[in-house]
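Here is how the chains run, residue by residue.
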Amino acid sequence: MCICINCTYVDRCATYHAVEHQHQQPHLTDAPDFDPVEPSINVNIRTQNEFVEMEWDVVGCESFTEELGKWARLRPGEAIPT
Ligand code: SF4
């Protein structure tokens, strides 16, 4: 699970923007203006038959600032990314 969904910068962050891109998710912003300090990204690669699935998760970040439910408030009613 990506820590970004509970981070106050999620709708401004360049790294989360890249993660959304990898997951082919709609972007919260088209113009991220926040560059986080030392985000750590965990990439899981799974192969299923001939498909390769990659999952990107931010698992640590010096800029993380907790704001519980931030992503969910921005996208009410939508499934929270895992
Ligand atoms: S935890 Fe770091 S990478 Fe994730 S949204 Fe917050 S500042 Fe960006």
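Colleague: Help me get a handle on the pairing of strand 2 (residues 51–60), residues and values and all.
Modeller: Here strand 2 lies mainly on the outside; one of its ten residues are buried. With nine bridges connecting them, strand 1 (residues 40–48) and strand 2 associate as antiparallel partners. What sits directly across from Gln48, in strand 2, is Phe51. Adjacent in sequence and paired antiparallel, strand 1 and strand 2 are bridged by two residues, among which Asn49 carries a positive phi angle near 50 degrees.

Colleague: Can you tell me about the site of the ligand, naming the residues and giving the values?
Modeller: Around the ligand sit 14 residues, and of these Cys4, Cys7, Cys13, Pro36 and Cys61 come closest. Among the residues forming the shell around the ligand, the class breakdown is twelve nonpolar, two polar and no charged.

How each quantity is defined
Residues numbered from 1 in each chain as written. Predicted model: local features only at pLDDT ≥ 70, side-chain atom pairs only at ≥ 80, totals over all residues. Buried ≥ 20, exposed ≤ 12 C-beta atoms within 10 Å, placed from the backbone. Helix = DSSP H or I, 4+ residues; strand = E, 2+ residues; numbered from the N terminus. Pairing = 2+ DSSP bridges. Near = placed C-beta within 6 Å. Nonpolar A, V, L, I, M, F, W, Y, C, P; charged D, E, K, R; others polar.

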